[in-house]
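Here's the letter readout for the chains.
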Amino acid sequence: MSAVKSAEANVLETQMAELGTNARAAAHVLAVTPAAQKRRAIEAAADALEAARESIITANDKDMAEARAANLNAAMLDRLALDGARVDGMITGLREVAALDDPVGRILDERTRPNGLRIQRVAVPVGVIGIIYESRPNVTADAGALCVMSGNAAILRCGSESFNSSHAIAACLRRGLQAAGLPEDCIQIIPTTDRAAVGILLAMDNDVDIIVPRGGRSLIERVKEDSRIPVMAHLDGICHVYVHAKADPDTARDVAFNAKMRRTGICGAAETLLIDRQALTILPDILAPLFAADCEVRGDAEAAALDSRIVPATEVDWDTEYLDAIISVRVVDGLDQAIQHINLHGSQHTDAILTQDDATAERFLGEVDSAIVVLNASTQYADGGEFGMGAEIGISNGKLHARGPVGVEQLTTYKYKVFGTGQVRP
């Protein structure tokens with residue numbers, strides 16, 4: 001390493017260490033901050049976003065221009081883009097988070113032992129949360145608000161493609177904290193695009209309690225491989241829609257279209273349509289609006305034989321998150337084969353069944369091993385805001401600590417409080 005590079009590395013390590021120290025100090029303050037003060041901070045941040053609307057969109061325009069010059073794909077551009085409606089969505093999300101019940105201090109369990117000891121299990125903040133995300137600048141607002149409301153300090157690491165937008169949004173969050181009399185360092189954003197900062201963050205186990213990565217497979221795999229800190233992963237959304245033999249045809253057509261095409265670049269977008277052989281007669285009606293919207297359809301041999309516009313699928317298609325106007329179609333012999341396919345090829349994210357048969361629905365919802373299972377509705381409802389959480393940091397595919405949308409409750413852990421009157425253990 002040259003002397004210049006060595007000096008730069010030392011500066012970055014010093015910067016990151018300072019972020020960690022500041023975050024830990026801020027977390028101690030925030031952990032005991034009353035709910036009303038946390039709400040004031042988030043509401044003030046929403047006001048700051050409103051006031052900075054034009055400058056945020058201007059910053060995003062710069063990011064978008066650079067992203068187009070770098071030939072980012074359509075899905076990434078869609079995730080990156082901010083307009084008035086999306087800024088409105090961030091503001092609304094902040095206010096919804098501020099209106100949530102305080103998750104800190106909830107008594108999760110309480111019991112009195114025969115010896116008179118009273119034991120409580122009480123929700124407490126995790127501490128310092130490192131959040132690494134790509135493309136989506138709105139994650140800055142969502143993550144910041146959720147961390148504040150759950151009593152956690154946040155160190156944010158946005159992707160280089162959203163650097164200007166994310167920093168403009170983070171500045172509003174910090175103004176909200178200041179207005180409420182809380183340390184601005186409750187929310188910090190790493191001030192560089194240098195990828196080495198991610199490696200340093202993943203090793204800061206003395207100051208950071210959990211890492212939440214949100215992005216593509218390469219990011220998630222790197223974080224899981226390199227982190228010395230526990231990881232709450234948000235991985236692929238290989239989501240399925242299964243059209244059962246007793247599906248309502250109109251529901252099947254409308255839900256399948258929305259699940260794929262409402263926004264193709266989000267993790268809740270359907271990537272595979274499973275059609276029951278006994279429902280094949282309605283497949284042309286299901287595919288018609290997809291073809292009309294220029295969605296590419298890739299199908300197994302039986303599906304491809306029904307329409308010359310269907311491109312033959314390969315085995316790779318069943319394991320692919322397209323994040324684009326592409327959907328794969330497979331014909332299955334009933335519920336058992338549908339469940340088997342989903343549990344084999346899915347990513348344990350979100351999967352839906354369309355059926356009017358209660359027994360079939362109950363089996364699907366019970367046996368599909370995914371964080372979110374849906375009956376007769378679009379997979380695109382896989383969203384913390386739609387779940388009434390105000391916002392989310394991401395959808396956790398894992399099974400430990402949190403699963404599904406990660407909101408304020410999922411960003412707490414717990415401690416035991418034991419109340420005695422002088423008991424000694426015999």
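Only a predicted model underlies this, so the values are computations on that prediction, with no experimental measurement involved. Here the residue numbering is sequential within each chain, running from 1 through the sequence in written order. The predicted origin of the model limits local features to residues at a pLDDT of at least 70 and limits the giving and counting of side-chain atom pairs to 80 or more, whereas totals for whole chains, interfaces and linings rest on all residues. Computation of side-chain values: all heavy atoms of the structure, hydrogens and water removed.

1. Description of helix 6 (residues 138-149)
- The way it works is that DSSP assigns letters per residue, a run of H or I at least four long becomes a helix, a run of E at least two long becomes a strand, and they are numbered from the N terminus. Between the first and last residue of a helix there are one fewer steps than residues, each counted as 1.5 Å, and that sum is the expected span. Along its 12 residues, helix 6 runs 17 Å from first to last C-alpha, staying within 8% of the 16 Å computed at 1.5 Å per residue.
- Relative accessibility decides the category of a residue: with a 1.4 Å probe and only protein chains considered, values under 20% of the type maximum give buried, values over 50% give exposed, and everything between is partly exposed. Taken together, the buried positions of helix 6 are Val 139, Thr 140, Ala 141, Asp 142, Ala 143, Gly 144, Ala 145, Leu 146, Cys 147, Val 148 and Met 149.
- At the exit of helix 6 stands Gly 151, carrying a positive phi of roughly 80°.

2. Focus on the pairing of strand 11 (residues 326-332)
- Of all seven residues that make up strand 11, six are buried, and the element is covered over most of its length.
- Two strands are said to pair when DSSP picks up at least two bridges between them. Two strands pair when backbone bridges link them, and strand 8 (residues 270-276) and strand 11 are joined in this way by five bridges, in the parallel orientation. Bridging from a neighbouring strand, Asp 276 pairs with Val 332 of strand 11.
- Two strands pair when backbone bridges link them, and strand 9 (residues 296-299) and strand 11 are joined in this way by four bridges, in the parallel orientation. The residue of strand 11 that forms the bridge with Arg 298 is Ser 328.

3. Points about the packing of aromatic side chains
- Aromatic contacts are taken between Phe, Tyr and Trp rings whose centres are within 6.5 Å, Trp giving its six-membered ring; a plane angle under 30 degrees counts as stacked, one over 60 as edge-to-face, and the others as tilted. Overall, the coordinates contain two aromatic pairs when judged by the stated rule.
- When the ring of Tyr 242 is compared with that of Phe 364, the centres are 6.4 Å apart and the planes differ by 20°; the resulting orientation is stacked. You can see Tyr 242 sitting in strand 7 (residues 239-243) and its partner Phe 364 sitting in helix 14 (residues 358-367), a full 122 residues away along the chain. Residues Tyr 242 and Phe 364 agree in their burial class; the two are buried.
- Relative to Tyr 416, the ring of Tyr 414 has its centre 5.8 Å away and its plane inclined at 85°; by these criteria the two rings are edge-to-face.
- Exposure remark for Tyr 414: the relative accessible area of 43% places this residue in the partly exposed category.
- In this scheme, the term charge over a ring applies when either NZ of a lysine or CZ of an arginine sits within 6 Å of the ring centre and within 35 degrees of the ring normal. Over the face of the ring belonging to Tyr 414 we find Arg 121, whose NZ or CZ atom lies 5.1 Å from the ring centre.
- Positioned above the aromatic ring of Phe 291 is the side chain of Arg 309, whose terminal nitrogen or guanidinium carbon lies 4.0 Å from the ring centre.

4. Here we look at the packing of helix 5 (residues 84-98) against helix 6
- Running from amino to carboxyl end, helix 5 crosses helix 6 at an angle of 10°, the nearest separation of the two axes being 10 Å. By the angle class used here, helix 5 and helix 6 are roughly parallel. Contact residues: Met 90, Leu 94 and Val 97 in helix 5; Asn 138, Ala 141, Ala 145, Leu 146 and Met 149 in helix 6.
- The residue makeup of the contact of helix 5 with helix 6, split by class, is seven nonpolar, one polar and no charged. Orientation is described by lines fitted to C-alpha atoms, with helices fitted over the stretch in contact, and by angles between N-to-C directions that extend from 0 to 180 degrees. When describing relative orientation, an angle under 35 degrees is termed roughly parallel and one over 145 degrees roughly antiparallel, while 65 to 115 degrees is termed roughly perpendicular and anything else oblique. Whether two residues are in contact is decided by their heavy atoms: any pair within 4.5 Å suffices. When residue character is reported, Ala, Val, Leu, Ile, Met, Phe, Trp, Tyr, Cys and Pro are called nonpolar, Asp, Glu, Lys and Arg charged, and the others, Gly included, polar.

5. Comments concerning the side chain of Asp 351
- With respect to the secondary-structure elements, Asp 351 resides in strand 12 (residues 350-354).
- We count Lys and Arg on the positive side and Asp and Glu on the negative side, and we leave His and both chain ends out. Whenever a carboxyl oxygen of Asp or Glu lies within 4 Å of a side-chain nitrogen of Lys or Arg, that contact is scored as a salt bridge. Despite its burial, Asp 351 pairs with no opposite charge, the nearest such side chain being Arg 403 at 8.4 Å.
- When sequence neighbours within four positions are dropped, the list of residues in contact with Asp 351 reads Ile 238, Cys 239, His 240, Ile 342, Phe 364, Val 368, Ser 370, Ile 372, Val 373 and Val 374.

6. Describing the sheet that holds strand 10 (residues 311-312)
- Ordered in space as 10-9-11-8-7-12-13, the seven strands form an open sheet in which the pairing is parallel. Edge positions in the open sheet fall to strand 10 and strand 13 (372-375), since each of these has one partner strand only.

7. A few points about the pattern of salt bridges
- Within the structure shown, the criterion is met by 29 salt bridges.
- A salt bridge links Arg 363 to Asp 336; the shortest N-O distance between them is 2.6 Å. Pair noted here: Arg 363 is in helix 14 and Asp 336 is in helix 13 (residues 334-345), with a separation of 27 residues, a long-range link.
- One network of salt bridges, with partners in common, ties together Glu 43, Asp 47 and Arg 95.

8. Some points on the layout of surface pockets
- In this structure, the largest pocket occupies an estimated 760 Å³ of space.
- As for the largest pocket, its lining consists of 31 residues, of which Asn 138, Asp 142, Arg 262, Arg 263 and Asp 383 are closest to the centre.
- Where the lining of the largest pocket is concerned, the elements lending two or more residues are helix 4 (74-80), helix 5 and helix 6.
- Ranked by residues supplied to the lining of the largest pocket, first place goes to helix 5 with seven residues.
- Grid points spaced at 1 Å and placed over the protein atoms alone form the basis of the search, with a cavity being a set where a 1.4 Å probe fits but cannot get out and a pocket an open set showing protein on both sides within 12 Å along at least five of seven lines. Lining residues have an atom within 4 Å of a point. Grid points are joined across faces, edges and corners, and a volume is the space filled by probe spheres set on the points. For the second largest pocket, the calculated volume is near 390 Å³.
- Lining the second largest pocket are 15 residues, with Glu 134, Arg 157, Gly 159, Arg 195 and Leu 219 positioned closest to its centre.

9. A short note on the side chain of Ser 347
- With respect to the helices and strands, the residue Ser 347 is situated in the loop between helix 13 and strand 12.
- Setting aside anything within four residues of it in sequence, one finds Ser 347 in contact with Asp 236, Gly 237, Ile 238 and Asn 397.

10. Let's talk about the sheet that holds strand 5 (residues 187-189)
- The strand order across the open sheet formed by four strands is 5-4-3-6, and the pairing between neighbours is parallel. Every interior strand has two partners, whereas the edge strands, strand 5 and strand 6 (210-214), have only one. For this sheet, the mean inter-axis angle between neighbouring strands, taken without regard to orientation, is 20°.
- Bridge count for strand 3 (residues 128-133) against strand 4 (residues 153-157) is five bridges, and the pairing is parallel. Paired with Ile 132 across the two strands is Arg 157, which belongs to strand 4.
- Helix 6 rests against strand 3, strand 4, strand 5 and strand 6 of the sheet, and its axis sits at about 165° to strand 3.
- Sheet contacts for helix 7 (residues 163-179): strand 3 and strand 5; angle to strand 5, the most-contacted strand, approximately 160°.

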